[in-house]
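This is what each chain is made of:
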Amino acid sequence: MKKSRYSDSQIMTIIKQADAGTPVPELCRERGMSSARFYKWRSKYGGMGACMMTRLKEILFHWLIILVSFPHSLKRHNPASKGALQHVK
């Protein structure tokens, strides 16, 4: 996975500053980021603490490892994919 330019605590600080009343365009200009990135962060991490954000990233990373390591076993045990594979043959 690509390393983020901002740490979890920096993301949380930016979100909290916006919640406290600092205008979003001003925050984005100070940090050198786009407003789209800020709104993605707010939709994804809004209401979380820094420890919850770190845990979410760990869980997503482990799911990615599982999906990359075992794609053949997921297809074999999924009944919906069995039907789809029969039509392809």
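Rules behind the numbers
- Residues numbered from 1 in each chain as written.
- Predicted model: local features only at pLDDT ≥ 70, side-chain atom pairs only at ≥ 80, totals over all residues.
- Heavy atoms only, no water.
- Core = buried A, V, L, I, M, F, W, Y, C linked by side-chain atoms within 4.5 Å.
- Buried < 20%, exposed > 50% of the residue type's maximum accessible area, 1.4 Å probe, protein only.
- Helix = DSSP H or I, 4+ residues; strand = E, 2+ residues; numbered from the N terminus.
- Contact = heavy atoms within 4.5 Å.
- Arc of directions from axis to C-beta.
- Salt bridge = Lys/Arg side-chain N within 4 Å of Asp/Glu carboxyl O.

Asker: Mind showing me how you'd approach the nonpolar core here?
Answerer: Considering soluble globular proteins, one finds that nonpolar side chains tend to be buried as a cluster. Membership of the largest hydrophobic core comes to 15 residues, with the highest contact counts inside it found for Ile11, Met33, Phe38, Trp41 and Tyr45. Those elements that place two or more of their residues in this core are helix H1 (8-20), helix H2 (24-31) and helix H3 (35-45). Look past the residues within four positions of isoleucine 11 in its chain and what remains in contact with it is Tyr6, Trp41, Tyr45, Met53 and Lys57.

Asker: What exactly am I supposed to notice about H2 here?
Answerer: Given 3.6 residues per helical turn, the α-helix brings residues three or four places apart onto the same face. Of the residues making up H2, those classed as buried are Val24, Leu27 and Cys28. Taken end-on, H2 shows its buried residues confined to a sector of 95 degrees, consistent with a single buried face. Turned more than 90 degrees off the buried face of H2, the exposed positions are Pro25, Arg29 and Glu30. Contact partners of the buried residues in H2: H1 and H3. Just downstream of H2 lies glycine 32, where phi reads positive at about 70 degrees.

Asker: Can you help me understand the pattern of salt bridges in this one?
Answerer: When the charged atoms of two side chains with opposite charge come close together, those side chains can pair. Inspection of every chain in the model, using the stated rule, returns two salt bridges. Linking aspartate 8 and lysine 57 is a salt bridge whose minimum nitrogen-to-oxygen distance equals 2.8 Å. Of this pair, aspartate 8 sits in helix H1 while lysine 57 sits in helix H4 (residues 50-69), placing them 49 residues apart in sequence. Aspartate 8 sits in the buried class, given a relative accessible area of 17%. One salt bridge in this structure joins glutamate 58 and arginine 55, with 3.3 Å as the shortest N-O distance. With glutamate 58 and arginine 55 both in helix H4, this residue pair falls three residues apart, about one helical turn. Judged by relative accessible area, arginine 55 falls into the partly exposed class, the value being 47%.

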